[in-house]
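# Survey of secondary and tertiary structure
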Amino acid sequence: MSTLNYHGSEIFLPLSYSVGLSVDLVNFVICQLTALCIAPLMYKFLPPKNQQYVFFREIFGLIIGLSMAYICFGNQMLHLLILPTICYVALQTLSPNMIHKAVLLICCVYLSLLHIYRQVYEYGSYTLDITGPVMVMVQKLSALACGLHDGLMTDKKQLTDIQKHYKIRKAPTLIQYISYLLTFQTILAGPNAFFEDYLAYLDGTNFPKKLPNEAKSPPSPLKPVLKKVLITFICALVIYFIVPMYPASTLIDETFLSESPFYSKIWFIIVITSLTRFKYYFAWTLADAVCNASGFGFSGYNEKGEQEWNLLDNIDILGVEFGVNFRATIDAWNKGTNLWLRYVMYERASPKYNTVMTYTLSAFWHGFYPGYYVTFLTGSLFTNSARMVRRCLWHRFQQPKPVKLAYDIVTCFLTRLCLSYMTFSFIILELMPSLRVFWHLKFYLHILAALGIYVLPLIVSPLKTVKKKSQ
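Notes on the structure follow. (Residues numbered from 1 in each chain as written. Predicted model: local features only at pLDDT ≥ 70, side-chain atom pairs only at ≥ 80, totals over all residues. Heavy atoms only, no water.)

The next thing to look at is the overall build of the protein chain. Of regular secondary structure, the protein chain possesses 21 helices and two strands. Computed over the C-alpha atoms, the radius of gyration of the protein chain is 23 Å, within 12% of the 23 Å expected from 2.2 N^0.38 for a compact globule of 471 residues. Across the 471 residues in the protein chain, those meeting the buried criterion constitute 49%. At a minimum sequence separation of 6, the contacts of the protein chain that also span at least 24 residues come to 71%. (Helix = DSSP H or I, 4+ residues; strand = E, 2+ residues; numbered from the N terminus. Rg over C-alpha atoms; globule rule 2.2 N^0.38 Å. Buried < 20%, exposed > 50% of the residue type's maximum accessible area, 1.4 Å probe, protein only. Contact = heavy atoms within 4.5 Å.)

By secondary structure assignment, the location of Lys304 is in the loop between β1 (300-301) and β2 (307-308). For Lys304, a relative accessible area of 62% gives the class exposed. In this structure, the C-alpha to C-alpha distance between Lys304 and Val225, residues 79 residues apart in sequence, is 20 Å. Residues in contact with Lys304, not counting those within four places in the same chain, are Glu214 and Lys216.

In total, this model carries nine salt bridges according to the counting rule given. The partner of Arg327 in a salt bridge is Asp331, and the shortest N-O contact between them spans 3.0 Å. Placement of both Arg327 and Asp331 in helix α14 (residues 326-332) is noted, with a separation of four residues, approximately one turn of the helix. We classify Arg327 as exposed; its relative accessible area is 58%. Accessibility expressed as a relative area gives 36% for Asp331, which makes it partly exposed. A network of salt bridges, in which partner residues are shared, links Lys228, Asp288 and Asp313. (Salt bridge = Lys/Arg side-chain N within 4 Å of Asp/Glu carboxyl O.)

A few words on the nonpolar core. By size, the foremost hydrophobic cluster in this structure holds 86 residues, and its most contacted members are Leu141 and Phe184. Ignoring any residue separated from it by four or fewer positions in sequence, one finds Leu141 in contact with Leu83, Pro84, Cys87, Val103, Cys107, Tyr177 and Leu181. Formed by 23 residues, the second largest nonpolar core is a distinct cluster that contains Phe256, Phe268, Phe326 and Val374. (Core = buried A, V, L, I, M, F, W, Y, C linked by side-chain atoms within 4.5 Å.)

This brings us to the packing of helix α4 (residues 79-93) against helix α6 (residues 131-152). Packing of α4 against α6 brings their axes to within 11 Å, and their N-to-C directions diverge by 15°. Relative to α6, the element α4 lies roughly parallel. Crossing angle aside, the handedness with which α4 passes α6 is right-handed. Of the residues in α6, those in contact with His79, Leu80, Leu83, Pro84, Cys87 and Leu91 of α4 are Pro133, Val134, Met137, Val138, Leu141, Leu144, Ala145 and Leu148. Partitioning the contact of α4 with α6 into residue classes produces 13 nonpolar, one polar and no charged. (Axes fitted to C-alpha atoms, helices over the stretch in contact; angles between N-to-C directions. Parallel < 35°, antiparallel > 145°, perpendicular 65-115°, else oblique. Left-handed = near helix turned anticlockwise from the far one by under 90°. Nonpolar A, V, L, I, M, F, W, Y, C, P; charged D, E, K, R; others polar.)

On the surface, a nonpolar cluster with roughly 1,100 Å² of combined accessible area is contributed by Leu21, Leu25, Leu128, Leu230, Phe233, Ile234, Leu237, Tyr240, Phe241, Ile242, Met245 and Tyr246. Here the nonpolar patch gets seven residues from one element, more than from any other, and that element is helix α10 (residues 222-242). Assignment of secondary structure puts Leu21 in the loop between α1 (13-19) and α2 (23-45). (Patch = residues over 30% accessible without salt bridge, like charges linked within 9 Å, V, L, I, M, F, W, Y side chains within 5 Å. Areas by Shrake-Rupley, 256 points an atom, 1.4 Å probe, with all protein chains shown as cover.)

Let's shift gears to the environment of Met388. When you line up the elements, Met388 lands in helix α17 (residues 370-393). Residue contacts for Met388: discarding those within four places in its chain leaves Gly452, Ile453, Pro457 and Pro462.

Counted according to the given criterion, the structure contains 40 aromatic pairs. Consider the rings of Tyr43 and Phe207, whose centres lie 6.3 Å apart with planes at 45°: the pair is tilted. Here the residue Tyr43 occupies a position in helix α2, and Phe207 occupies one in the loop between α9 (195-203) and α10, the gap between them amounting to 164 residues. Summarising the aromatic geometry, the rings of Phe326 and Phe382 are spaced 6.3 Å apart at their centres and angled 80° between planes, so their arrangement reads as edge-to-face. Placement of the pair is Phe326 in helix α14 and Phe382 in helix α17, with a sequence separation of 56 residues. Each member of the pair Phe326 and Phe382 is classed as buried. Through pairs of rings, three or more aromatic residues link up here, namely Phe262, Phe326, Phe382, Tyr421, Phe424, Phe438, Phe443 and Tyr444. In this structure, Arg57 packs its charged tip against the face of Tyr201, placed 4.5 Å from the ring centre. Seen from the ring of Tyr180, Lys140 lies directly overhead, with NZ or CZ sitting 5.2 Å from the centre. (Phe/Tyr/Trp six-rings, centres within 6.5 Å; stacked < 30°, edge-to-face > 60°. Lys NZ or Arg CZ within 6 Å of the ring centre and 35° of its normal.)

Right under this line is the structure:
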């Protein structure tokens, strides 16, 4: 089926009619599956350990990436060239002491204009457009600028561990810069990859020169790729057959809100938010499989000598679905973005304002639909409440083991409840419909969260936190 205001190719339009999916989704899936087929060929015939192939790996990845972008986004792909050009001029001309701030500002302004344009001309559209790849590019560009700042700055301020790990001592060449941003493994759906990790992948230094004693075999992406492809296939079945059975539009239906029992509304919200997550699981896991198939994403051997290919993992599905507390669940979701926010903002802003500024950057990065901000504000309330509840109750339910197990089961269920309650507005997008749903739910979790912050400490004394003295 044709998609209104879609800028990409319609070469697969007949296929989209036959499978009942919009052509933008068909283009995306075909491009990613093609990338999945090309990646192992690149790994075999342009092996990373051969230094002579580095340039060819860059060019090959760049050409395939640009071709995929054109099929999916048409002339909109020009944004993937314009923004890097502006930032490259900034990197070449500005002082290392300010390039990280300047590039982040340029990226935020550029991305915000794209978000606003889409919100004005394609309000409420779920069609894939260029804002998705630009969001990933913003992460790469800002992280690259921060790495250069940390590696080239004149003042020797103390760096955090993550800043030391990703600092860049030498400005990238033009071909390194372009291929890093536009390589086919990450151009459509990420994941965000740091520049130092990309260089290590290009020249093969991410692989050990000789196997550790505990290693059972040399690095091979076959098993992790097959596992991730299987997960992707399961997610695709859920998206194709089950998701259409629970349309999100039901949530804004006044008859449903007025006449359905309270528990039915809660259950429906849990179902649609859970099913929506499968779309992200599909896209992120498939993208990770593409990276691994090309040799990108190897992170070493564990203590048992087993290979680990989780360097670029963007999602821990079990961690999201079965996390026993709010913090663990959030940390398991969109891990690349969480790391990026920590790297470019949280660890660089003033401790007094770093939390607020990090949430603000996250909000601008996502866009300007009111539903996003309802989710962020509610999530902030739940985060503070979860911290206080944990301080009051956690240490009282750790022994014996059956008590701890019961506590974990209860907190796991409550976390799922809160997660669905705070994220449905991310699906609805609009302010008043979101508030209408909260109204029919009596704002019950908002009230419970406020009680957890202000009333629970008066009843149950919280565990005091001990601040470490500075050395």
